[in-house]
Amino acid sequence: MRHFPLISSLCLTAGLLAGALAPSAAHADSASAVAGKMQPMPDGEAIYRHICQSCHMPDGKGAVGAGAQFPALAGNPKLKSAQYPAYVVLNGFGGMPWFAGLLDDQQVANVVNYVRTHFGNHYTDALKPEDVSEMRPHLSVEEE
């Protein structure tokens with residue numbers, strides 16, 4: 001019975017140390033899990049070509065295969081509201097990672113405006129960086 005307080009104390013100390021020394025949780029679904037902010041890109045087309053086209057394809061028609069489905073952006077009626085694609089870019093959706101820690105407000109606005117005016121889309125109401133800022137999730141320092 002005399003060893004119970006000692007054993008309990010050791011277990012409690014080990015548990016506290018393990019929690020304090022454990023690495024912070026990684027976000028595998030984050031596009032910025034590996035590196036910080038993205039290099040400057042001159043416009044939405046450059047951002048699309050650098051990030052988006054590998055899944056959504058150069059023509060914006062999406063792809064299906066190997067158990068994955070990447071939605072078409074070409075002629076996509078969900079792009080009617082600029083807030084929808086901005087939300088998806090910032091927060092991710094389904095298998096798409098979130099880019100809030102990688103892209104700044106101007107870059108998000110640029111790529112959303114590019115997608116909404118190309119690939120057969122003709123939406124002319126431009127998304128502004130201020131609109132993106134209002135939608136941006138609050139990230140911890142580790143997530144940025």
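In this text the structure is predicted, and so the values were computed from the model without any measurement. (Residues numbered from 1 in each chain as written. Predicted model: local features only at pLDDT ≥ 70, side-chain atom pairs only at ≥ 80, totals over all residues. Heavy atoms only, no water.)

Within this structure, the stated rule accounts for zero disulfides. Cys55 provides the cysteine sulfur closest to Cys52, a residue in no disulfide bond, and the two sulfurs are 8.7 Å apart. Looking at Cys52, the relative accessible area reads 18%, which means it is buried. (Disulfide = S-S within 2.5 Å. Buried < 20%, exposed > 50% of the residue type's maximum accessible area, 1.4 Å probe, protein only.)

On to unusual backbone geometry, then. Here Met57, not a glycine, exhibits a phi torsion of approximately 75°, which is positive. Relative to the helices and strands, Met57 is located in the loop between helix H2 (44-56) and strand E1 (63-65). Classification of Met57 by relative accessible area gives partly exposed; the value is 26%. Positive phi is not limited to glycine here, since Phe119 has a value of about 60°. Secondary-structure assignment places Phe119 in the loop between helix H4 (105-116) and helix H5 (129-135). (Helix = DSSP H or I, 4+ residues; strand = E, 2+ residues; numbered from the N terminus.)

With their axes 10 Å apart at the nearest point, helix H3 (residues 83-91) and H4 run at an angle of 130° to one another. As judged from the angle between their axes, H3 and H4 are oblique. Classified by chirality, the crossing of H4 by H3 is right-handed. On H4, the residues touching Pro85, Ala86, Val89 and Leu90 of H3 are Val108, Val112 and Arg116. Tallied by class, residues from the contact of H3 with H4 come to six nonpolar, no polar and one charged. (Axes fitted to C-alpha atoms, helices over the stretch in contact; angles between N-to-C directions. Parallel < 35°, antiparallel > 145°, perpendicular 65-115°, else oblique. Left-handed = near helix turned anticlockwise from the far one by under 90°. Contact = heavy atoms within 4.5 Å. Nonpolar A, V, L, I, M, F, W, Y, C, P; charged D, E, K, R; others polar.)

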